[in-house]
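# Observations on the model geometry
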Amino acid sequence: MKLLLTLFFEFFKTGLFAVGGGMATLPFLYDMSARHPDWFSTAQLADMVAVSESTPGPIGVNMATYVGFETGGIAGAVIATLGLVTPSIIVILIVARMLKAFRGNKTVDAVFYGLRPCSVGLIAAAGILVVKIALFRWDYVGPNEDWWRFFFNWKALILAAALLVLTRFIKATKKLHPVIFILASAAAGVLFSF
């Protein structure tokens, strides 16, 4: 019961403060892994992002469900997901109740205008965190003169470079649907044991 309450509270906080969408939940999950190392590691966070991005639905909800299931089974998945979406439901109910008062209010417009940089910052932090986890191996750094061979995740760097070339520079593949690249990346991950 304590685990379920902790799951709900942790994801409630994440849902309350992760303004800007699902990727904005990543810094909170990174912090959560540091405070609850028995739930998931930072290395598993990259797997969670991959699974959450590859499955239908919002990434934040998918990640909450994933963490909840890994730590507390089906009940944990339900509780973590409810914890994440409850703040949004509360805010939507309040806004719907006071919609007329909010419509022309300059203070509310100013608050939402001020939230935009916060959203950008959270999403940028999430992007940097994903790059840090996916492309580098921080645990291999040592006094060895060949540290550079182990510091980079070469398979991931090659895949990222290939995706960059295919999506930006080759005319034939530039306009393909992103799902094709997601499926190709998943196949490469399985084939080359990422």
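First, a word on scope: everything that follows refers to the structure included in this document. Because the structure is predicted, anything quoted here is derived from the model rather than measured. (Residues numbered from 1 in each chain as written. Predicted model: local features only at pLDDT ≥ 70, side-chain atom pairs only at ≥ 80, totals over all residues. Heavy atoms only, no water.)

### Some thoughts on the overall build of the protein
Looking only at helices and strands, one finds ten helices and zero strands in the protein. Its helices and strands taken in sequence order, the protein reads α-α-α-α-α-α-α-α-α-α from the N to the C terminus. Counting only residues that meet the buried cut, the protein has 25% of its 194 residues in that class. Of all intrachain contacts in the protein linking residues separated by at least 6 positions in sequence, the fraction that spans at least 24 positions is 52%. Element-wise, carbon and sulfur atoms account for 72% of the exposed surface of the protein, whose accessible area totals about 12,800 Å². (Helix = DSSP H or I, 4+ residues; strand = E, 2+ residues; numbered from the N terminus. Buried < 20%, exposed > 50% of the residue type's maximum accessible area, 1.4 Å probe, protein only. Contact = heavy atoms within 4.5 Å. Areas by Shrake-Rupley, 256 points an atom, 1.4 Å probe, with all protein chains shown as cover.)

### Side note on the packing of aromatic side chains
Evaluated as defined, the whole model comprises three aromatic pairs. The interplanar angle of 50° and the centroid separation of 5.5 Å between the aromatic rings of Phe136 and Phe152 together place this pair among those described as tilted. Residue Phe136 is located in the loop between α6 (106-135) and α7 (147-151), and its partner Phe152 is located in the loop between α7 and α8 (154-168); the two are separated by 16 residues in the primary sequence. On the accessibility criterion, Phe136 (23% relative accessible area) is partly exposed. The partly exposed category is assigned to Phe152, whose relative accessible area is 24%. (Phe/Tyr/Trp six-rings, centres within 6.5 Å; stacked < 30°, edge-to-face > 60°.)

### Some details on the environment of Thr167
By the secondary structure assignment, Thr167 is in helix α8. Of the residues examined, Thr167 reaches a relative accessible area of 24% and is grouped as partly exposed. The spatial distance from the C-alpha of Thr167 to the C-alpha of His177 is 9.8 Å, given a sequence separation of ten residues. Residues in contact with Thr167, not counting those within four places in the same chain, are Lys174 and Phe181. Within the structure, the side chain of Thr167 is placed 2.7 Å from the backbone oxygen of Leu163, a separation counted as a polar contact. (Polar contact = N/O pair within 3.5 Å; in protein donor to acceptor, adjacent residues only side chain to side chain.)

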